[in-house]
Amino acid sequence: MTATPDTVVLIHGLWMTPRSWEHWRDRFERRGLTVVTPAYPGFEVEVEALRADDTPIATASVPATVDHLASVIEALPTPPILMGHSFGGALTQLLLARGLGAAGVAIDSAPPEGVRVTPLSQARSLFPALKNPANFRRAVGFTQEEFHYAFTNTLTREESDKAWERYAIAAPGNWVWAYGLLANWRPGHQETWVDYSVDRAPLLFIAGEKDHIMPPAVNRSNAKHWRKSPAVTDFHEFPGRDHWTCAAPGWEAVADLALDWALEHATGVRAAA
């Protein structure tokens with residue numbers, strides 16, 4: 001006997017913490033679901049604490065983060081729905097490729113290794129981290145102006161500044177360099193490599209038409225790489241939405257589509273006897 005999943009794991013992206021999911025968590029809990037919002041290792045403290053001491057950000061690693069998230073998921077009673085935003089979308093893909101989760105949704109996803117599409121707006125968005133090689137070993141934040149361009153370009157500057165103040169932290173500069181610039185040019189598989197031919201739980205890509213840092217072309221290319229897999233892979237583009245799509249006005253439509261699709265397509269979860 002099988003049942004639909006009753007748990008959703010929400011995975012945040014770079015320049016963010018689990019606080020970025022506060023609206024989605026409330027909305028999904030009102031639908032009767034258990035919602036888990038794990039932080040990257042060392043990111044468990046509040047935004048303000050990470051701004052005061054960014055050491056956990058500068059020293060974060062992708063393998064440790066994936067292993068930590070996997071341990072959270074494996075400890076759950078039944079396979080959950082996995083949803084990730086931005087770099088959390090790349091992490092979601094890595095976790096699904098491990099055989100975890102009943103369904104996945106990658107929202108404005110950073111691509112795993114192998115996706116070579118780099119629109120101009122993406123290069124401009126990442127430039128604050130890439131302009132100085134010394135940033136490879138630092139935690140690198142966005143100014144309010146840079147955040148407005150990369151994340152919240154459909155909002156007014158005043159709205160964007162409020163979002164920056166509540167949610168924004170620095171990101172590991174080495175992640176931006178290693179996985180945003182160098183992964184496709186180094187020999188051999190890197191830490192964000194994924195086997196695109198593996199069978200896995202169904203996966204939906206959601207992109208925003210106006211997203212500067214992870215434009216639809218990046219997500220569309222990422223989804224096409226999964227054509228080698230026998231698993232279900234879908235793509236949906238929201239018109240007029242930017243990278244801040246999970247909290248910008250109208251976020252409810254994005255959250256509802258993500259959850260409805262995942263519940264409809266989830267692989268069977270064994271029900272309790």
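Residues numbered from 1 in each chain as written. Predicted model: local features only at pLDDT ≥ 70, side-chain atom pairs only at ≥ 80, totals over all residues. Heavy atoms only, no water.

Asks: When you look at the overall build of the protein in this model, what are you seeing that I'm missing?
Replies: Within the protein, the regular secondary structure consists of 11 helices and 10 strands. Relative to the compact-globule value of 19 Å for 273 residues, the protein shows a C-alpha radius of gyration of 17 Å, a close match. Seen through its C-alpha atoms, the protein measures out along the principal axes to roughly 55 × 45 × 35 Å. For the protein, buried positions account for 55% of its 273 residues. (Helix = DSSP H or I, 4+ residues; strand = E, 2+ residues; numbered from the N terminus. Rg over C-alpha atoms; globule rule 2.2 N^0.38 Å. Buried < 20%, exposed > 50% of the residue type's maximum accessible area, 1.4 Å probe, protein only.)

Asks: Please clarify how helix α4 (residues 62-74) should be interpreted in this entry.
Replies: The α-helix winds at 3.6 residues per turn, so residues separated by three or four positions along the chain end up facing the same way. Taking 1.5 Å of rise per residue, 13 residues should cover 18 Å, and α4 covers 18 Å from first to last C-alpha, within 8% of that figure. Looking only at α4, the buried set comprises Val 62, Thr 65, Val 66, Leu 69, Ala 70 and Ile 73. The arc that holds the buried residues of α4, viewed along the axis, is 130 degrees, so those residues lie on one side. Capping the start of α4 is the job of one residue whose side-chain oxygen sits 3.2 Å from the backbone nitrogen of Ala 64: Ser 61. (Expected span 1.5 Å × (residues − 1). Arc of directions from axis to C-beta. Polar contact = N/O pair within 3.5 Å; in protein donor to acceptor, adjacent residues only side chain to side chain.)

Asks: Can you help me understand unusual backbone geometry in this one?
Replies: Apart from glycine, the bulk of residues carry a negative phi angle, and the bulk of peptide bonds sit in the trans form. Notably, Trp 15 is not glycine yet its phi reads approximately 65 degrees, a positive angle. As for its position among the elements, Trp 15 is in the loop between β2 (7-11) and α1 (22-30). The backbone of Ser 86 sits at a positive phi, close to 60 degrees, despite the residue not being glycine. Within the secondary structure, Ser 86 is located in the loop between β4 (81-85) and α5 (87-97).

Asks: I tried to follow the pattern of salt bridges on my own but got confused; where do I start?
Replies: Side chains that differ in sign of charge can pair as their charged atoms come close. Taken as a whole and assessed by the stated rule, the structure comprises 12 salt bridges. One salt bridge connects Glu 22 with Arg 166, and the closest N-O pair in it is separated by 2.9 Å. Of this pair, Glu 22 sits in helix α1 while Arg 166 sits in helix α8 (residues 157-167), and the two are 144 residues apart along the sequence. The class of Arg 166 is partly exposed, set by a relative accessible area of 37%. (Salt bridge = Lys/Arg side-chain N within 4 Å of Asp/Glu carboxyl O.)

Asks: Help me understand the pairing of strand β9 (residues 233-238) in this model?
Replies: In summary, the side chains of a regular strand alternate between the two faces of the sheet. In the sheet, strand β8 (residues 203-208) pairs with β9 via 6 bridges, with the strands oriented parallel. Looking at the pairing, Leu 204 lines up with Asp 234 of β9. Crossover β8 to β9 through helix α10 (residues 216-225) is right-handed. (Pairing = 2+ DSSP bridges. Right-handed = clockwise from strand over helix to strand, strands pointing away.)

Asks: Explain the packing of α1 against helix α11 (residues 251-265) here, please?
Replies: How two helices sit against one another is set out by the angle between their axes and by the gap between those axes. Packing of α1 against α11 brings their axes to within 11 Å, and their N-to-C directions diverge by 55 degrees. Judged by the angle between their axes, α1 and α11 are oblique. Relative to α11, the crossing made by α1 is right-handed. Each of His 23, Trp 24, Arg 27 and Phe 28 in α1 lies in contact with α11, whose residues at this interface are Trp 251, Glu 252, Val 254, Ala 255, Asp 256, Ala 258 and Leu 259. (Axes fitted to C-alpha atoms, helices over the stretch in contact; angles between N-to-C directions. Parallel < 35°, antiparallel > 145°, perpendicular 65-115°, else oblique. Left-handed = near helix turned anticlockwise from the far one by under 90°. Contact = heavy atoms within 4.5 Å.)

Asks: Any chance you could explain the environment of Ser 229 here in plain terms?
Replies: With respect to the element layout, Ser 229 can be found in the loop between α10 and β9. C-alpha separation for the pair Ser 229 and Asp 199, spaced 30 residues apart in sequence, amounts to 5.6 Å. In this structure, Ser 229 is in contact with Tyr 196, Ser 197, Val 198, Asp 199 and Arg 200, ignoring residues within four places of it in sequence.

Asks: Looking at this structure, I do not really get the side chain of Thr 17. What am I missing?
Replies: When you line up the elements, Thr 17 lands in the loop between β2 and α1. Those residues within four positions of Thr 17 in sequence are excluded, and the remaining contacts are His 12, Val 47, Leu 50 and Ile 169.

Asks: Even after reading the chapter, I still don't get the sheet that holds β4, so can you show me in this structure?
Replies: If you trace the 6 strands from one edge of the open sheet to the other, you get β3-β2-β4-β5-β8-β9, paired in parallel fashion. Each having just a single partner strand, β3 (34-36) and β9 make up the two edges of the open sheet. The mean angle between the axes of side-by-side strands here comes to 15 degrees, regardless of whether they run parallel or antiparallel. By the bridge criterion, 4 bridges tie strand β5 (residues 103-107) to β8 in an arrangement that is parallel. Residue Ile 107 lies in a different strand from β8, and its bridge partner there is Ile 206. Contacting β2, β4, β5 and β8, α5 runs over the sheet at an angle of about 145 degrees to β4.

Limitation: the analysis is restricted to geometry and does not speak to function.
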